[in-house]
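The primary structure of each chain is shown beneath.
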Amino acid sequence: MSSGAPHLRKQLVVIGHGMVGHRFVQAAIERGLTETYDILVLGEEPRPAYDRVALTSFFDVGAEALSYLPTGEYDDPRVTLRLESEVTGLDREERTVSLADGTTHRFDELVLATGAAPFVPPVPGHDLGNVFVYRTIEDLEAIREASKGARAGAVIGGGLLGLEAANAMHQLGVQTHVVEMAPRLMAVQIDDAGGATLKRHIEELGLSVHTGVMTELIDGDADGNVSAIKFKDEDPIDLDMVIFSAGIRPRDALGRAAGLDIAERGGVLVDEQCRTSDEHVWAIGECAAPGGRMYGLVAPGYTMAEVVVDTLLGGTAGAFTGADMSTKLKLLGVDVASFGDAFGAAEDCLELVFADAVAGIYKKLVVAENATGGYELLGGILVGDASAYGVLRPLVGSGIELPENPEELILPAGRGAGIELGLPDDAQICSCNNVTKAEIVAAVSEGSTTRDGEGCDSPACVTKCTQAGATCGSCKVVVKKIVEDHFASVGKVVDTSLCEHFAMTRQELFDTIAVHGYNRFDDIVAGHGRGRGCDICKPTVASILASLLNHHVLDGANATLQDTNDAYLANLQKNGTYSVVPRIPGGEITPDKLIVIGEVARDYGLYTKITGGQRIDLFGARMEDLPAIWKRLVDAGMESGHAYGKSLRTVKSCVGSTWCRYGVQDSVGMAIQLELRYRGLRSPHKLKGGVSGCARECAEARSKDFGIIATDKGWNLYVCGNGGAIPSHAQLLAGDLDDETLIRYLDRFLMYYIRTADRLQRTSYWMDQIGGLDRIREVVVDDSLGLGSELEAAMDTHVDSYFDEWKATIEDPEKMARFVSFVNAPGTPDPNITFREERGQIQAANNDAPVSLGTTIPVGAPR
Amino acid sequence: MTHSVVGRGASAGPGGRGASASERRETPGTVICRLEQIRRESGVTALVEGEAVAVFRTYDDEVFALSNFDPFGRASVLSRGIVGTLGEDAVPFVASPLLKQRFDLRTGVCLDDPAVAVATYDVSVVDGVVVVGARRETIGS
Ligand SMILES: Cc1cc2nc3c(=O)[nH]c(=O)nc-3n(C[C@H](O)[C@H](O)[C@H](O)COP(=O)(O)OP(=O)(O)OC[C@H]3O[C@@H](n4cnc5c(N)ncnc54)[C@H](O)[C@@H]3O)c2cc1C
Ligand code: FES
């Protein structure tokens, strides 16, 4: 161990293993606090920390997918996590904490991260059966169970969380009532008019909203379960379940009992370093009240965690000085945003309102006159259409003067579009990652380069270089606008067209082809393009058609769309010959097949080399010999493989549990299964996979577009890695998956990529462009777009329609006709093809000018 | 055996030197194949007087013949490239399958680097049969 005997090391105890407690431990490990402290984490819940913000998706993806620490252990041996360990006592004199079973733990420093608890008002009947709160996975499990027999239910509380709970209840098939005491929904964030607009949207979805009503009593039946709810001035409602979501209260009981200072409205009072009134006790997250105020959002809690780690490391820079409480969310499919001084609390402010009752849109800006007679933005509310949020939020507090007619900012596009915002260079554009306008402009300026040394020339690339837009994504519109404005100012035209023939991106083209059900290039270019296409759009269309239809790439006129290698189903080499790479799924091959490969290479005089993808590459095959080579492979029970084209290459594996002393799963078996499943899949760029049989990662799976690493419970799935010039590691999408779930996620992931990526965009760049790993997780794991089954079905179609395209070629005389040296002299080899010899094998050679056979060679007559 | 036939390619489009299927003039040449053996917007390789020649058929059935030798990649491959059109004037071109340089089918000039050109050949379609005639010019690259 690095720093002395364990008993001399200082002890740090963390109470609570929720979102913030977990972040604290992570930061402590990353920043080296564990060099001096042993950390003991005591958590009350039965499972390690999970993503509470995404709690509702538990219904779709289950608990595993939400977990931050599926193994229940940190990588650092100096951290110990104990679950189901509620701390019941804190003795500041002795510096110990005690558990319910009487055990005590000594600490040198103590961090309270106990979060908050839902507030349940003392309404009679609040303790009946089938009355719930909405905070933990256990709560949701119970709610799901109760919903099975329930027809109607109520959510008490119409705030942010209440509406989220109502959404869940509605999705569980229960007729849902939302009961709110305040005169409007989301009373904290939005005003009456916004609340009314939101209410209409929600009622249209079939939920009932009761605002301004007091719950008097919850009635029970003979079994002690809820049966009805009674109000002060409204008719009672019969129902079978109730969820309380009437706000949260900081869990400050331990601190209170130990005599720490408590804020007036609850929460352990802390200073800017998050230190409580005891210098060795700290409080972070929802249980803390910096400056007397608690924050019910996770981001401020994360900041607090970092501040405490920093301070304990001896730093002085960290301080928590308040947080941006701006909110943008989609509730039941309705956009809602609230930011800055949403209620116009400032003196002498003005409100500008745009409302369209028919479209269900309400927008309000709060502005104030500045010293020079112009207006500045203080805050606002957007309901029904929050697209302006990205532009507006950075204006708050920036001191920027609004344009002449500030109302243009919220008028529907078309009437008020295209206004210029003179954002100053230091305006913060991305609040998640603290990126200013100047940094964005610098990224795309002349002479700047990305990490691979190429020019940065698009909003997607800016996101990659600066992180602006990589987290919540709400600033992306502004990032895009800044980049476009910058290019316009330097006279550069930003063109997202595929090529001169199609004024659309690959994704748009994909959608167009899919929607119209086209299967011929001629129809596509006639209907949506111009000219006759080129070497950019034709292969793109070919790839899209192949993804959608999975027919033979050389069928009919499609043959003329194929890129170099696809056109001849092999890899063109520099002297005009081809290489053939027999498929060896997962790198597993029998001696007999190995011998056949050797014989083919010998008989056709091919140069032989073992590749990095666990295959054998045979170089120097003349085009006219390809069919015969394929036939030898087919006859031996093999097929040629894709070492070419934008398609799945290989799924590499290490030997795994079948032989290896360390292996925990059959990685070879899984690699073979995956390679056979996805072989032939045409995609925007090449795709590679890898499967490792244990955490030693011998297959280098994390350098692949999809990498799978065995765990003792199943498989961890990593996505969007690549090797090559600018390597990047694949990132964990989901952990401990069983075979079936693994394949389901992979199906979705690959199809989603195929459908939405740009031409020649590898998965890592695509991930940055569409909004990062979180976005992929939303679509693939949470199925937030509801696309899951469609993507799976598309993959099933691919799998079902897979065929050996080389075998199909040799069986079809029409396709075979193209594999000749000369149409009018099929028996004559092309004299231009030359080789030299090196280390006992052939090497490609090139000539400076065409090589002629002379004029005496007889040629054949036309058929 | 070398065939002598009648027919000499002449331009159908503006400035082009392709031959449309209906035209006929007198000139000897090498019989390549039937027109329908070349798919629209693709090429075949033919052996003409010992040289590898790429013969292309465009979407509107014009035929063009170029040397098959790609001067950039220094290999005999042009017939395997993608055929399309570029620009307002719909210039017919083939893109080399090796490094994707594009060549004007009418003149053999490289559209990405006009200093480079490949040789072109007279070509015609006679009674549905493609015939390649004389090489048009020597190129200086
Ligand atoms: C449905 C839902 C949706 C949300 N959506 C958002 C959102 O969109 N954006 C956002 O920013 N925030 C959202 N939040 C709030 C966010 O989840 C919290 O801000 C965040 O979880 C706070 O983290 P924490 O660690 O302080 O508290 P928690 O995550 O609650 O963790 C506290 C942990 O401490 C444990 N604990 C408490 N007392 C003891 C004890 N005595 N001994 C041992 N352990 C103890 C608790 O059991 C708990 O596990 C949402 C919350 C919910 C419930
Ligand atoms: S504000 Fe930029 S990603 Fe959230």
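Remember, it's a predicted structure, so these values are computed and weren't measured experimentally.

(A) The overall build of chain B, seen in detail. Within chain B one finds zero helices and eleven strands. Reading chain B from its N terminus to its C terminus gives the helix and strand order β-β-β-β-β-β-β-β-β-β-β. Looking at chain B as a whole, 60% of its 141 residues qualify as buried. Sequence separation of 24 or more characterises 41% of the internal contacts of chain B that already satisfy a separation of 6 or more. Accessible area of chain B: about 5,400 Å², with a carbon and sulfur share of 48%.

(B) Spotlight on the interface of chain B and chain A. Listed per partner, the contact involves 44 residues of chain B and 54 residues of chain A. Both faces combined, the contact of chain B with chain A buries some 3,800 Å², and carbon together with sulfur accounts for 52% of it. The largest contributions to the chain B side of the interface with chain A come from Leu47, Arg80 and Ile82 of chain B, which together make up 19% of the buried area. Along the contact surface separating chain B from chain A lie seven salt bridges. Inspection of the region where chain B meets chain A yields 21 residue pairs in polar contact (both at pLDDT 80 or more). Split by residue class, the side of chain B that touches chain A holds 20 nonpolar, 13 polar and eleven charged.

(C) Region of interest: helix 3 (residues 137-147) of chain A. Buried within helix 3 of chain A are the following residues: Ile137, Asp139, Leu140, Ile143, Ala146 and Ser147 of chain A. Where helix 3 of chain A is buried, its residues touch helix 2 (58-66), strand 9 (131-133) and strand 16 (241-244) of chain A.

(D) Main features of the packing of aromatic side chains. Inspection of the entire model under this criterion finds 13 aromatic pairs over all chains. Relative to phenylalanine 103 of chain B, the ring of phenylalanine 72 of chain B has its centre 6.0 Å away and its plane inclined at 45°; by these criteria the two rings are tilted. Separated by 31 residues along the polypeptide, phenylalanine 72 of chain B in the loop between strand 5 (69-70) and strand 6 (75-76) and phenylalanine 103 of chain B in strand 9 (residues 102-104) bring together distant segments of the chain. For phenylalanine 72 of chain B, a relative accessible area of 27% gives the class partly exposed. The aromatic ring of tyrosine 302 of chain A is capped on one face by arginine 23 of chain A, whose charged end is 4.0 Å from the ring centroid. Above the ring of tyrosine 568 of chain A, the side-chain terminus of arginine 818 of chain A is found at 4.7 Å from the ring centroid.

(E) View of the sheet that holds strand 30 (residues 607-610) of chain A. All names here are of chain A. On the basis of which strands lie adjacent, the open sheet formed by four strands has the order 28-29-31-30 and antiparallel pairing. The open sheet has two edge strands, strand 28 (571-572) and strand 30, and neither has a second partner. Note that strand 30 and strand 31 (residues 616-621) share four bridges and pair antiparallel. Paired with isoleucine 610 across the two strands is isoleucine 616, which belongs to strand 31. Across the sheet, helix 17 (residues 626-635) lies against strand 29 (578-580) and strand 31, angled at about 5° from strand 29, the strand it touches most.

(F) Structural view of the confidence of the model for chain A. Residue and element names in this part refer to chain A. Taken as a whole, chain A shows an average pLDDT of 87; of its residues, 93% reach a score of 70 or greater. At the low end of the mean pLDDT range in chain A sits strand 21 (residues 327-331), at 64; at the high end sits strand 7 (residues 109-112), at 98. The model gives residues 413-419 a pLDDT under 50, and that stretch makes eight contacts with residues more than four places away or in other chains. Of the regions scoring below 50 in pLDDT, residues 855-863 engages in 16 contacts with residues more than four places distant in sequence or in other chains.

(G) Up close: the side chain of threonine 564 of chain A. Of note, threonine 564 of chain A is situated in helix 15 (residues 564-568). For threonine 564 of chain A, a relative accessible area of 9% gives the class buried. A polar contact is formed between the side chain of threonine 564 of chain A and the backbone oxygen of proline 97 of chain B, at a distance of 2.7 Å. If near-sequence neighbours (up to four positions away) are discounted, threonine 564 of chain A is found in contact with Leu572 of chain A together with Pro97 and Lys100 of chain B.

(H) Fine view of the nonpolar core. Residues and elements named next belong to chain A. Counting residues in each nonpolar core, the largest one holds 98 residues, and the members touching the most others are Leu198, Leu674 and Tyr678. When residues no more than four places from it in sequence are discounted, the contact partners of tyrosine 678 are Leu648, Phe706, Ile743, Leu746, Asp747, Leu750, Met795 and His798. One finds Val14, Val25, Leu99 and Leu112 within the second-largest nonpolar core, a separate group that totals 49 residues.

(I) Local environment of the site of ligand 1. All names here are of chain A. Inspection of the region around ligand 1 gives 30 residues, with Val20, Glu44, Glu45, Arg135 and Glu286 positioned closest. A distance of 2.6 Å separates an oxygen atom of ligand 1 from a polar atom in the side chain of glutamate 44. Here arginine 52 contributes a side-chain N or O atom positioned 2.9 Å from an oxygen atom of ligand 1. Protein chains shield 90% of the accessible area of ligand 1, which is 990 Å² for the free molecule. When contributions to the shell around ligand 1 are tallied by element, the ones reaching two or more residues are helix 1 (19-30) and helix 4 (160-171). Of all the elements, helix 1 adds the most residues to the shell around ligand 1, at three residues. Across the shell around ligand 1, the residue classes break down as twelve nonpolar, ten polar and eight charged. Here the shell around ligand 1 gathers at least three residues from each of two domains, domain 1 (10-117 + 250-312) and domain 2 (131-246).

(J) Quick peek at the UniProt feature "binding site: [4Fe-4S] cluster" (unreviewed entry) in chain A. Residues and elements named next belong to chain A. As annotated in UniProt, the feature "binding site: [4Fe-4S] cluster" (unreviewed entry) corresponds to Cys654, Cys660, Cys694 and Cys698 in the numbering used here. With the annotated positions falling across 45 residues, the maximum pairwise C-alpha distance of 11.0 Å places them together in a single cluster. Along the polypeptide, cysteine 654 turns up in the loop between strand 32 (648-653) and helix 18 (667-678). Classification of cysteine 654 by relative accessible area gives buried; the value is 15%. Excluding its chain neighbours within four sequence positions, the residues that come into contact with cysteine 654 are Ser667, Val668, Val691, Ser692, Gly693, Cys698 and Ala699. Mapping cysteine 698 onto the fold places it in the loop between strand 33 (687-692) and strand 34 (706-710). Relative accessible area serves as the criterion here: at 56%, cysteine 698 is assigned to the exposed category. The residues touching cysteine 698, leaving out its near neighbours within four places in the chain, are Cys654 and Ser692.

(K) Structural context of helix 20 (residues 763-770) of chain A. All names here are of chain A. Looking only at helix 20, the buried set comprises Thr763, Ser764, Trp766, Met767 and Ile770. In a view along the axis of helix 20, the buried residues occupy a sector of 160°, so they form one face of it. Of the surrounding elements, those touching the buried residues of helix 20 are helix 10 (459-466), helix 11 (476-489), strand 33, strand 36 (731-737), helix 19 (739-756) and helix 21 (772-780). Glycine 771 lies just past helix 20 and shows a positive phi near 120°.

(L) Broad picture of the sheet that holds strand 16 of chain A. All names here are of chain A. Reading across the sheet, the five strands line up as 9-16-10-11-12 and stay open at both edges, with parallel pairing between neighbours. Both edges of this open sheet fall to strand 9 and strand 12 (208-211), since each of them pairs with a single strand only. Between one strand axis and the next, the sheet turns through 20° on average, direction left out of account. Across four bridges, strand 11 (residues 175-180) lies against strand 12 in parallel orientation. If you follow glutamate 180 over to strand 12, its bridge partner there is threonine 211. Contacting strand 9 and strand 16, helix 3 runs over the sheet at an angle of about 145° to strand 9.

(M) How the structure looks around the environment of aspartate 739 of chain A. Residues and elements named next belong to chain A. Mapped onto the elements of the fold, aspartate 739 is located in helix 19. For the pair aspartate 739 and methionine 670, spaced 69 residues apart in sequence, the C-alpha separation works out to 8.4 Å. Those residues in contact with aspartate 739 that lie beyond four places of it in its chain are Met670 and Trp715.

Definitions and limits used
- Residues numbered from 1 in each chain as written.
- Chains lettered and ligands numbered in written order.
- Predicted model: local features only at pLDDT ≥ 70, side-chain atom pairs only at ≥ 80, totals over all residues.
- Heavy atoms only, no water.
- Helix = DSSP H or I, 4+ residues; strand = E, 2+ residues; numbered from the N terminus.
- Buried < 20%, exposed > 50% of the residue type's maximum accessible area, 1.4 Å probe, protein only.
- Contact = heavy atoms within 4.5 Å.
- Areas by Shrake-Rupley, 256 points an atom, 1.4 Å probe, with all protein chains shown as cover.
- Buried area = accessible area lost by both parts, 1.4 Å probe.
- Salt bridge = Lys/Arg side-chain N within 4 Å of Asp/Glu carboxyl O.
- Polar contact = N/O pair within 3.5 Å; in protein donor to acceptor, adjacent residues only side chain to side chain.
- Nonpolar A, V, L, I, M, F, W, Y, C, P; charged D, E, K, R; others polar.
- Phe/Tyr/Trp six-rings, centres within 6.5 Å; stacked < 30°, edge-to-face > 60°.
- Lys NZ or Arg CZ within 6 Å of the ring centre and 35° of its normal.
- Pairing = 2+ DSSP bridges.
- Axes fitted to C-alpha atoms, helices over the stretch in contact; angles between N-to-C directions.
- pLDDT = per-residue confidence, 0-100.
- Core = buried A, V, L, I, M, F, W, Y, C linked by side-chain atoms within 4.5 Å.
- Near = heavy atom within 4 Å.
- Domains from an automatic or database assignment.
- UniProt positions renumbered as here; feature names shortened; annotations may be inferred.
- Arc of directions from axis to C-beta.

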